[in-house]
Amino acid sequence: MMTGDTIAAIATALGEGGIATIRISGPQALLVADRVFYCLGPPPSQRPAQTFAWGHMHDLERQIDDGIMLIMHAPHSYTREDVVELQCHGGLIIPRQVLRAVLQAGARMAEPGEFTYRAFINGRLDLVQAESVNDLIRARSDRAVRVAKEYKNGRFSKQFREFYDHLLSIASDLEASLAFHEDELPQTVLPDILNQLELIELKIFDFLKNWQNGHYVREGISLVIAGRPNVGKSSLMNALLGKDRVIVSHQPGTTRDVIEEFFIVDGMYTRLFDTAGLRNAECAAEEDGIRRAYDVLRKADIVIYVVDASNVIQNEDIIIIKSLPTKRCLLVLNKVDLGCLVSNPLLNDFRTIETSALLSVGIKEVVREISILVSNFVQLNSFPETIITDRHWIILSETRKILNDGISVLRSSGDQVIAANFVRLAINSIGNLLGRDTTDDVLSSVFSKFCIGK
Ligand SMILES: Nc1nc2c(ncn2[C@@H]2O[C@H](COP(=O)(O)OP(=O)(O)OP(=O)(O)O)[C@@H](O)[C@H]2O)c(=O)[nH]1
Ligand SMILES: [Mg+2]
């Protein structure tokens, strides 16, 4: 991504809405605003910083809309550049027309994440904080927002910077120790360096341990509703969601596709899947549906297995239930309004709930059970130290491996030169995490995940 020129994009989501914002950032932002925004009094470039004005937005030929302009002068803006934001009416057409006028007036269309990239390049955010901006936008639960905010506020960056600074001081201690002749080196120096390296390694290990937790918060735990045809899986899905989301019918084999909806359990984002009834398929499309159902079932974090309680348990059910992970599974005995004939010692190994999805009986209890199962995955009420991106996990795992290599060299041979090399590698690795000397490839892969306008 280039810097130094002036970029613009629609910063709000496209669609019907009261207001849309077009953001302009760069050295020419105020001049571009002069060309498109006409207001009473001085033009945008002559107005004081951190003020706003009402006026009209124009392209080369005509007036497009009226609205508000906000002026922020460098470095007191998100990007630390001059920034102008134009607020026009929302919808599909006007914001695009205003953006086109801004581009005609000399700005360039921003690439995804380019405003945040500039904030990063200009030192407003480190890479870990910049990534969290995207997490904040994409968060789908209160909990994911809380974690992303902690990142954005720099709590984790501070911890990573401490690792970095500590490793720098260890590297300089190691290098200083090289100046000593072997028998002159005070005996405590190397053990002390070893202790410090082990301490950092341990702290990194703590972060890594919590990764899975963070992964669930970010990606959502998957809850898969499965069972034989016609037992009421889709009815249960609708009852849980509180809306008529999927087709319910008395014909077995109604659901074919895997249907996904997001579902919040105790402020935690989960992904709820309805699937095709499991049986010997009667046609190719159903066969494909059942294959897909088994695919998501295999990957499920939590299985909600539904059986028809009004009938004696079927052999096919027994075969499938035996293969289910007892600790991550809830058995729902549905259709109890028609009686409860289902019974089998096998069921005792599972958490079970009796429901009537048709009459919305037992649904609250199902949610409560799901919440208990979810809490086995993530500590719902505590705030764990969480690493939420895969990039962090990969880098910290590498750093830990490098440190362990350095520690074993120092312990076995006391070779300070090799150990110092390892420490330097670890410093580079943590530096990469924070975006220091990070290659363009890494940066573009981070920022390309952003939306345009952020
Ligand atoms: N009496 C009664 N009928 C129910 C209950 N739950 C679902 N049904 C009925 O059972 C039939 C099948 O319901 P679905 O929710 O479509 O079942 P399904 O498991 O999704 O079926 P497939 O998609 O074909 O695998 C429909 O006629 C529902 O109205 C219940 O608790 N009690
Ligand atoms: Mg169905």
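Structure: above.
Residues numbered from 1 in each chain as written. Chains lettered and ligands numbered in written order. Predicted model: local features only at pLDDT ≥ 70, side-chain atom pairs only at ≥ 80, totals over all residues. Heavy atoms only, no water.

Okay, the site of ligand 1 next. In the vicinity of ligand 1 there are 23 residues, among which Lys-233, Ser-235, Gly-253, Thr-254 and Asp-337 approach most closely. Asn-230 has a polar backbone atom sitting 3.0 Å from an oxygen atom of ligand 1. Protein chains shield 91% of the accessible area of ligand 1, which is 650 Å² for the free molecule. By residue number, the principal contributor to the shell around ligand 1 is helix α9 (residues 233-241), which donates three residues. Its residues placed into classes, the shell around ligand 1 shows seven nonpolar, 13 polar and three charged. (Near = heavy atom within 4 Å. Polar contact = N/O pair within 3.5 Å; in protein donor to acceptor, adjacent residues only side chain to side chain. Areas by Shrake-Rupley, 256 points an atom, 1.4 Å probe, with all protein chains shown as cover. Helix = DSSP H or I, 4+ residues; strand = E, 2+ residues; numbered from the N terminus. Nonpolar A, V, L, I, M, F, W, Y, C, P; charged D, E, K, R; others polar.)

Moving on: the coordination of the magnesium ion (ligand 2). Listed as protein donors to the magnesium ion (ligand 2) are Ser-234 (OG) and Thr-255 (OG1); their distances from the metal cover 2.0 Å. Linking Ser-234 in helix α9 with Thr-255 in the loop between α9 and β9 (259-265), this pair joins segments that are 21 residues apart in sequence. (Donors = N, O, S within 2.8 Å, 3.2 Å for Na, K, Ca; no water.)

A separate point is α9. Of all nine residues in α9, eight are buried; the element is thus mostly enclosed. Considered for burial, the residues of α9 that qualify are Lys-233, Ser-234, Leu-236, Met-237, Asn-238, Ala-239, Leu-240 and Leu-241. Contacts from the buried residues of α9 go to β8 (221-227), β9, β10 (268-274), β11 (302-308), β12 (329-334) and α12 (363-377). Downstream of α9 by a residue or two, Gly-242 has a phi angle that is positive, lying close to 70 degrees. (Buried < 20%, exposed > 50% of the residue type's maximum accessible area, 1.4 Å probe, protein only. Contact = heavy atoms within 4.5 Å.)

Here we come to the sheet that holds β8. Neighbouring strands of a sheet are bound in pairs by backbone hydrogen bonds; such pairs are parallel or else antiparallel. The strand order across the open sheet built from six strands is β9-β10-β8-β11-β12-β13, with neighbouring strands paired in mixed fashion. Since the sheet does not close on itself, it has two edges, and those belong to β9 and β13 (351-354), each with one partner. Each strand of the sheet is rotated relative to its neighbour by a mean of 25 degrees, with strand direction disregarded. The pairing of β12 with β13 spans four bridges and is classified as parallel. If you follow Leu-330 over to β13, its bridge partner there is Arg-351. Helix α10 (residues 284-299) rests against β8, β10 and β11 of the sheet, and its axis sits at about 135 degrees to β8. (Pairing = 2+ DSSP bridges. Axes fitted to C-alpha atoms, helices over the stretch in contact; angles between N-to-C directions.)

Packing of α9 against α12 brings their axes to within 10 Å, and their N-to-C directions diverge by 85 degrees. Here α9 lies roughly perpendicular to α12, going by the angle between them. For the pair formed by α9 and α12, the contact residues are Leu-236, Ala-239 and Leu-240 on the first element and Ile-363, Val-366, Val-367 and Ile-370 on the second. Taken together, the residues that form the contact of α9 with α12 break down as seven nonpolar, no polar and no charged. (Parallel < 35°, antiparallel > 145°, perpendicular 65-115°, else oblique.)

The next thing to look at is the pattern of salt bridges. If you walk through the whole model with that rule in mind, you get 26 salt bridges. Measuring nitrogen to oxygen at the nearest pair gives 3.3 Å for the salt bridge that ties Lys-243 to Glu-261. Of the two residues, Lys-243 sits in the loop between α9 and β9 while Glu-261 sits in strand β9, which places them 18 residues apart along the sequence. For Glu-369, the salt bridge is made with Arg-351, and the minimal N-O distance between the two is 2.4 Å. (Salt bridge = Lys/Arg side-chain N within 4 Å of Asp/Glu carboxyl O.)

Another aspect to go through is the sheet that holds strand β2 (residues 15-25). Spatially, seven strands are ordered β3-β4-β5-β6-β2-β1-β7 in an open sheet, and the strand pairing comes out mixed. Edge positions in the sheet fall to β3 (37-38) and β7 (108-109), since each has one partner strand and no second. With eight bridges connecting them, strand β4 (residues 51-58) and strand β5 (residues 63-72) associate as antiparallel partners. Within the sheet, the bridge partner assigned to Ala-53 lies in β5 and is Met-69. Relative to the sheet, helix α2 (residues 94-104) contacts β1 (7-10), β2, β4, β5, β6 (83-91) and β7, its axis offset from that of β6 by approximately 150 degrees.

Our focus in this paragraph is the environment of Gln-28. Residue position: Gln-28 is located in the loop between β2 and α1 (29-36). In this structure, the C-alpha to C-alpha distance between Gln-28 and Ser-234, residues 206 residues apart in sequence, is 56 Å.

Here the focus is the side chain of Glu-369. Structurally, Glu-369 is set in helix α12. Excluding residues that lie within four positions of it along the chain, Glu-369 makes contacts with Leu-330, Arg-351 and Ile-353.

Along the chain, Phe-350 falls in the loop between β12 and β13. Each C-alpha atom, one on Phe-350 and one on Gly-453, is 49 Å from the other, the two residues being 103 residues apart in sequence. Ignoring any residue separated from it by four or fewer positions in sequence, one finds Phe-350 in contact with Ile-321, Leu-324, Thr-326, Cys-329 and Leu-331.

Pro-75 follows Ala-74 through a cis peptide bond whose omega is 0 degrees. Structurally, the position occupied by Pro-75 is in the loop between β5 and β6. Located in the positive-phi region is Arg-80, a residue other than glycine, with phi close to 65 degrees. Tracing the backbone through its elements, the reader meets Arg-80 in the loop between β5 and β6. One non-glycine residue with positive phi stands out, namely Asn-230, at about 70 degrees. A relative accessible area of 30% means that Asn-230 is categorised as partly exposed.

Turning to a nonpolar patch on the surface, a few remarks are in order. Together, Leu-14, Leu-92 and Ile-93 make up a nonpolar patch on the protein surface, roughly 290 Å² of accessible area in all. Position of Leu-92 among the secondary structure elements: in the loop between β6 and α2. The class for Leu-92 is partly exposed, based on a relative accessible area of 47%. (Patch = residues over 30% accessible without salt bridge, like charges linked within 9 Å, V, L, I, M, F, W, Y side chains within 5 Å.)

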